[in-house]
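# Analysis of the macromolecular model
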Amino acid sequence: MVSHEEREYLYWLCHVPFLGAVSIKRLYDYMGSYKGIYNIEGTELQRLGLLKQSYVSAFEECKNRKEASDGELAGLEHRGIHFVTSHDPEYPNRLYKIYDYPMGIFYKGRLPDKDRPTVAVIGARNCTNYGKQMASYLAKELTACGVQIISGLASGIDGSGHQGALEAKGDTYGILGCGINICYPKENYGLFEQMVEKGGILTEFIPDEAPKPCNFPMRNRIISGLSDVILVIEAREKSGSLITANLGLEQGKEIFALPGRVTDPLSAGCNRLISEGAGVILSPDSILEYFEIQNGKILRVHEKNENGLAKKEKMVYSCLDLKPKNLEEIVSLSGLSVSECMSALIELELNGLILQTSHQYYGKKL
């Protein structure tokens, strides 16, 4: 636990744009205090090999913003923002295993429980409907078994994973690549607000920091660092999701991937991970067994309650799977007339068993 004064100096250091987590820790280890870093001349840091010559004048200029930084820190709690340092007991202990763990973290809501199993659900932003359903379904089922869900609050797979956890009334945590007071992308603002109440939002970036492209690889190491298991749903051959998975491997985390068709670019990354030794996710059991969680109430797709369905509805339902099919194909497979088929599809949709993904295309709902 650091003193209030030391917390102020660390908070100021987090605002120095060219000092990352490793640089700040190196300076702290050498000087013995954050106040000492502030008080030493930039030229002396350069002489000691702790600061590049090109940064000396900028370092001195940043000292002029210390008073403003103190005022900002004092006002955080009034904005519902918390600042925890790597010296505080509540700092997430999983992050200490990262070489470049953040020296300070901003969060809204709560921090992840240190003792509960945690899974990162990650994948492509421009994903398929199947990918969204699987992310939501797996997160929902894992959450129901007491697992915390971590992701990056991005569009596509990330958002679907968060949504699934919230639907199960569980905890989910979003790691941002921007300031804590910025929701990016804006379309996920509803999720952002819900997660502040049911879980939390975390970032190492100072308030008002824009979502720059260079921030997201840094964000990814926190996603992997906070997780026990990383679950990749859909990912291209070269993607941020694979960066997160590789970071997880370096951190000793277990990797699972959802297999897909070899001709599908969105499955290329997952299939490669599996070929390199990642676990294959076929159901929530794959991960639950890893955690050795015993729960016999896990829902399977084929366990949908069809008892109340009429014969024709059951026939149509049996022709569907998670990949949407068009009406013509369903008519052909079921052997029913178009009108009979449409009537059954409407009933199935009303019962929440299927969904219409686009005009006259239907698929099973997880």
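Each value, and the rule that gives it
- Residues numbered from 1 in each chain as written.
- Predicted model: local features only at pLDDT ≥ 70, side-chain atom pairs only at ≥ 80, totals over all residues.
- Heavy atoms only, no water.
- Disulfide = S-S within 2.5 Å.
- Buried < 20%, exposed > 50% of the residue type's maximum accessible area, 1.4 Å probe, protein only.
- Pairing = 2+ DSSP bridges.
- Helix = DSSP H or I, 4+ residues; strand = E, 2+ residues; numbered from the N terminus.
- Contact = heavy atoms within 4.5 Å.
- Axes fitted to C-alpha atoms, helices over the stretch in contact; angles between N-to-C directions.
- Parallel < 35°, antiparallel > 145°, perpendicular 65-115°, else oblique.
- Left-handed = near helix turned anticlockwise from the far one by under 90°.
- Core = buried A, V, L, I, M, F, W, Y, C linked by side-chain atoms within 4.5 Å.

Counted according to the given criterion, the structure contains zero disulfides. Considering cysteine sulfurs only, Cys127 is the nearest to Cys270, which forms no disulfide, with 11 Å between them. Given a relative accessible area of 0%, Cys270 falls into the buried group.

Before going further, it helps to spend a moment on the sheet that holds strand E2 (residues 104-109). If you trace the nine strands from one edge of the open sheet to the other, you get E1-E2-E6-E5-E4-E3-E7-E8-E9, paired in mixed fashion. Edge strands, defined here as strands with exactly one partner in the open sheet, are strand E1 (82-85) and strand E9 (279-280). Looking at chain direction, E1 and E2 are connected through four bridges and run antiparallel. Paired with Val84 across the bridge in E2 is Ile105. Here helix H11 (residues 240-250) sits on the sheet in contact with strand E3 (118-122), strand E7 (229-232) and strand E8 (254-257), set at roughly 155° to E7.

On to the packing of helix H1 (residues 4-13) against helix H6 (residues 66-75), then. Relative to each other, H1 and H6 sit at 110°, their axes nearing to 9 Å. What the angle tells us is that H1 and H6 run roughly perpendicular. As H1 packs across H6, the resulting crossing turns out to be right-handed. Of the residues in H6, those in contact with Arg7, Glu8, Tyr9, Tyr11 and Trp12 of H1 are Lys66, Ser69, Asp70, Glu72 and Leu73.

Okay, the nonpolar core next. Counting residues in each nonpolar core, the largest one holds 47 residues, and the members touching the most others are Leu19, Tyr34, Phe59, Leu95, Leu202, Val232 and Leu273. Among the elements that make up this core, the one with the highest residue count is H1 (four residues). With residues near it in sequence (within four places) discarded, Leu95 still touches Tyr101, Pro102, Ile105, Ile222, Gly225 and Leu226. Within the second largest apolar cluster, 26 residues are counted, among which are Ala135, Ile149, Ile233 and Leu288.

Next up on the list: the sheet that holds strand E10 (residues 325-326). Each strand in a sheet pairs with its neighbour through backbone hydrogen bonds, running either in the same direction (parallel) or in the opposite one (antiparallel). Judged by pairing direction, the sheet is antiparallel, and its three strands sit side by side in the order E10-E12-E11 without closing on themselves. Strands at the two margins of the open sheet, each flanked by one partner only, are E10 and strand E11 (354-358). Here E11 runs beside strand E12 (residues 361-364); their pairing, made up of four bridges, is antiparallel. Opposite Leu355, over in E12, you have Gly363 as the bridge partner. Against the sheet, helix H16 (residues 338-350) makes contact with E11 and E12, and its axis sits at roughly 110° relative to E11, the strand it touches most.

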